[in-house]
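# Notes for the structure review
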Amino acid sequence: MINNLSKKNEIIAFTRKKINSDNKNIKYIQTNYAENSILKKLKKILLESDQLTFIFFNAISDKSALLKIKKSEILNILKINLIIPILLTKMIIKNFLYLKINFIYMSSSRGHSG
């Protein structure tokens, strides 16, 4: 999906892992999701762009039945899959409202396994 979107758009993807890509339209930002770190990296990238697409493929899941998942695991799943994308979206809009920005959100695999 990212490669198809990158044919006509510049893509910024946030990741905890280091990803190397030959595609010049995809910029991977390796981060621990600290707001200051992301904002600093984004300011450098966004100076060169006026239209961007942010994709959130946040995915953390647990194959266990819901009754067996600990409260802390549920909270971590919600943090990664929901809270972090919302907070990043707010930060991006607040700081870069003047740009044409698209946001795409993908759910984790938990939705498929039940």
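Quick summary incoming for the structure in this document. Since this is a predicted model, take the numbers as computed values, not measurements.

### Let's talk about the nonpolar core
Formed by 20 residues in total, the largest nonpolar core has its most connected members in Ile-12, Phe-14, Leu-42, Phe-54, Leu-88, Ile-92 and Phe-96. Contributing elements (two or more residues each) for this core: strand S1 (11-15), helix H2 (35-46), strand S3 (51-56) and helix H3 (71-95). Among residues more than four places away in sequence, those in contact with Phe-14 are Ile-29, Thr-31, Tyr-33, Ile-38, Leu-42, Phe-54, Phe-56, Leu-88 and Ile-92.

### Things to note about a nonpolar patch on the surface
Together, Leu-66, Ile-74, Leu-75, Leu-78, Leu-82, Ile-83, Ile-86 and Leu-87 give the surface a local cluster of nonpolar side chains, amounting to about 720 Å² of exposed area. Looking at the secondary structure, you find Leu-66 in the loop between S3 and H3. Note on Leu-66: relative accessible area 57%, which makes it exposed.

### Focus: the packing of aromatic side chains
The final tally for this structure, using the stated rule, is four aromatic pairs. Plain terms: the ring middles of Phe-56 and Tyr-105 are 5.1 Å apart, the flat faces sit at 5 degrees to each other, and that makes the pair stacked. Within this pair, whereas Phe-56 is found in strand S3, its partner Tyr-105 is found in strand S4 (residues 100-105), the two being separated by 49 residues in sequence. On the accessibility criterion, Tyr-105 (43% relative accessible area) is partly exposed. Ring geometry for Phe-103 against Tyr-105: centres 6.3 Å apart, planes inclined by 15 degrees, an arrangement best described as stacked. With a relative accessible area of 24%, Phe-103 lands in the partly exposed category. The structure contains a cluster of three or more aromatic residues connected by ring pairs, namely Phe-54, Phe-56, Phe-103 and Tyr-105.

### Examining the sheet that holds S1
Read across the sheet, four strands follow the order S2-S1-S3-S4 without closing on themselves; strand pairing throughout is parallel. Among the strands making up the open sheet, the edge pair consists of strand S2 (26-30) and S4. Taking the axes of each pair of neighbouring strands and ignoring which way they run, one obtains an average angle of 25 degrees across the sheet. Sheet topology places S1 next to S3; three bridges connect them, and they run parallel. Residue pairing in the sheet places Ala-13 in a bridge with Ile-55 of S3. Its contacts with the sheet put H3 on S1, S3 and S4, and the angle it makes with S4 is roughly 175 degrees.

### Here's the deal with H2
Compared with the 16 Å implied by 1.5 Å per residue over 12 residues, the 16 Å span of H2 between its first and last C-alpha is a close match. Of the positions making up H2, those classed as buried are Ile-38, Leu-39, Leu-42, Ile-45 and Leu-46. The arc that holds every buried residue of H2, seen down its axis, measures 125 degrees, which confines them to one face. In H2, those exposed residues whose orientation departs by more than 90 degrees from the buried face are Asn-36, Lys-40 and Lys-44.

Conventions we followed
Residues numbered from 1 in each chain as written. Predicted model: local features only at pLDDT ≥ 70, side-chain atom pairs only at ≥ 80, totals over all residues. Heavy atoms only, no water. Core = buried A, V, L, I, M, F, W, Y, C linked by side-chain atoms within 4.5 Å. Buried < 20%, exposed > 50% of the residue type's maximum accessible area, 1.4 Å probe, protein only. Helix = DSSP H or I, 4+ residues; strand = E, 2+ residues; numbered from the N terminus. Contact = heavy atoms within 4.5 Å. Patch = residues over 30% accessible without salt bridge, like charges linked within 9 Å, V, L, I, M, F, W, Y side chains within 5 Å. Areas by Shrake-Rupley, 256 points an atom, 1.4 Å probe, with all protein chains shown as cover. Salt bridge = Lys/Arg side-chain N within 4 Å of Asp/Glu carboxyl O. Phe/Tyr/Trp six-rings, centres within 6.5 Å; stacked < 30°, edge-to-face > 60°. Pairing = 2+ DSSP bridges. Axes fitted to C-alpha atoms, helices over the stretch in contact; angles between N-to-C directions. Expected span 1.5 Å × (residues − 1). Arc of directions from axis to C-beta.

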